[in-house]
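# Structural overview for review
Single-letter residue listing:
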Amino acid sequence: MQLAMLARLLSVGRAVLAALRGRLGALCWSLAPLSLPLPLPGWRDSAPRPEREQEGDNEPLTPTSVNYHFTRQCNYKCGFCFHTAKTSFVLPLEEAKRGLAMLKEAGMEKINFSGGEPFLQDRGEFVGKLVQFCKQELELPSVSIVSNGSLIRKQWFQKYGEYLDILAISCDSFDEDVNVLIGRRQGKKNHVENLHKLRQWCREYAVAFKINSVINTFNVEEDMNEQIKALNPVRWKVFQCLLIEGENSGEDALREAEKFVISDEDFDRFLDRHKDVSCLVPESNQKMRDSYLILDEYMRFLNCRNGRKEPSKSILDVGVDAAIKFSGFDEKMFLRRGGKYVWSKADMKLDW
């Protein structure tokens, strides 16, 4: 009887904690100065996964290149988005810096800030301060940002441009009607016109310019050769539209991306049409799924091997080495897809 009662109480307790985890997030971080050992909200306290831990033990992973999605909030509504606004949580600045310092100590050479839209938080000041910290204090070889570009102002470049190596702007089409269909637009702003303005600012402030495109049913027949060559980015990252359960697919998802998905053959045809673009870097679903080290807003590594994002515990509480064992990261695929390249602007031979 006592065991049954205890089990019942534990079950109720877990349910209550799960329901309150969003509110507990703010409470935990407000108590951070007290150095209390409080766990981060949103953890999935699942049973240990010995097969992944064993992989980590046999081949220790180094977080050479990390993608930190510090916010899920965005001002665009791209229909295929695979990191959606499921929370509004953002770490306090000093906690984020602490985690970045831990990653540097563990071997990080490149940090990429993403979202959501990273320039939404504090009008770009939050990401600006992180960029400055990583370049000035941590002395990282490469600091980059992925943004839709709609909220970036020239004043930001004037203040933080010297600390940024690469700015990647997401642009899926050079036809504004297609961008509207995809959801990559806000109000009457012209996404393509803004892209050219950002290209000029990157040139003025010595920031390497990159373009990211997600190939889907609405743009798969488009010919982008002329526009990409005119913009002349250091890299044109071309992704095949990817389904992630719980993000853009499935009952608990905020997007329904199935209508955007293209076949491998369609993706190959798009690549063949643009084979003469020297900066083209293609990434199929197979290459993309396990070859990125992704940190979410709680600084948890996200494992995508099972087609959904399964979080580790936060590096802030268990350390980088313990958390990265459950990341599902395929280091060999990372190298095979060209994940390590000349990523410091100091080493780039560009005509600024």
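The notes below deal with the structure included here. Just so it is clear, the model here is predicted, and its values are computed rather than measured.

### Quick notes on the overall build of the protein
The helix and strand inventory of the protein stands at 13 helices and 10 strands. Every one of the 352 residues in the protein was classed for burial, and the buried ones make up 52%. By sequence separation, contacts in the protein at least 24 residues apart represent 75% of the contacts at least 6 residues apart. Element-wise, carbon and sulfur atoms account for 51% of the exposed surface of the protein, whose accessible area totals about 17,100 Å².

### Some details on the pattern of salt bridges
Inspection of the entire model under this criterion finds 18 salt bridges. In this structure, the salt-bridge partner of Lys159 is Glu125, at a minimum N-O distance of 3.0 Å. Residue Lys159 is found in helix H5 (residues 154-160), and its partner Glu125 is found in helix H4 (residues 125-137); the two are separated by 34 residues along the sequence. For Asp165, the salt bridge goes to Lys135, with nearest N and O atoms at 2.7 Å. Of the two residues, Asp165 sits in the loop between H5 and strand S4 (166-170) while Lys135 sits in helix H4, which places them 30 residues apart along the sequence. The residues Asp165 and Lys135 share a single accessibility class, namely buried. Here the salt bridges share partners, and the residues they tie into one network are Glu221, Asp266, Arg269 and Arg273.

### A look at the layout of surface pockets
As a volume, the largest pocket reaches approximately 1,000 Å³. Around the largest pocket sit 50 residues that line it, and His69, Phe82, Ser114, Gly115 and Val146 are the ones nearest its centre. Of all elements in the fold, only strand S1 (65-69), strand S2 (110-114), strand S3 (142-147), strand S5 (208-215), strand S6 (235-240) and helix H10 (285-289) reach the threshold of two or more residues within the lining of the largest pocket. When the residues that make up the lining of the largest pocket are grouped by side-chain class, the tally is 19 nonpolar, 18 polar and 13 charged.

### A closer look at the packing of aromatic side chains
Enumeration over the complete set of coordinates arrives at 15 aromatic pairs. Arranged with centres 5.7 Å apart and planes meeting at 55°, the rings of Phe329 and Phe334 form a pair that is tilted. For the residue pair Phe329 and Phe334, the accessibility class agrees, reading buried in each case. We note Arg235 situated over the ring of Tyr341; from NZ or CZ to the ring centre the distance is 3.6 Å. Positioned above the aromatic ring of Tyr292 is the side chain of Arg337, whose terminal nitrogen or guanidinium carbon lies 3.8 Å from the ring centre.

### Notes on the nonpolar core
If you look at the biggest cluster of nonpolar residues, it comprises 69 residues, and the most contacted ones within it are Tyr68, Leu100, Ile111, Phe113 and Trp236. It is H4 that contributes the most residues to this core, six residues altogether. Within the second largest apolar cluster, 16 residues are counted, among which are Ile182, Phe260, Tyr292 and Leu302.

Reading guide: rules and limits
- Residues numbered from 1 in each chain as written.
- Predicted model: local features only at pLDDT ≥ 70, side-chain atom pairs only at ≥ 80, totals over all residues.
- Heavy atoms only, no water.
- Helix = DSSP H or I, 4+ residues; strand = E, 2+ residues; numbered from the N terminus.
- Buried < 20%, exposed > 50% of the residue type's maximum accessible area, 1.4 Å probe, protein only.
- Contact = heavy atoms within 4.5 Å.
- Areas by Shrake-Rupley, 256 points an atom, 1.4 Å probe, with all protein chains shown as cover.
- Salt bridge = Lys/Arg side-chain N within 4 Å of Asp/Glu carboxyl O.
- 1 Å grid on protein atoms, 1.4 Å probe; cavity = no way out; pocket = protein on both sides within 12 Å on 5 of 7 lines; lining within 4 Å.
- Points joined across faces, edges and corners; volume = space filled by probe spheres on them.
- Nonpolar A, V, L, I, M, F, W, Y, C, P; charged D, E, K, R; others polar.
- Phe/Tyr/Trp six-rings, centres within 6.5 Å; stacked < 30°, edge-to-face > 60°.
- Lys NZ or Arg CZ within 6 Å of the ring centre and 35° of its normal.
- Core = buried A, V, L, I, M, F, W, Y, C linked by side-chain atoms within 4.5 Å.

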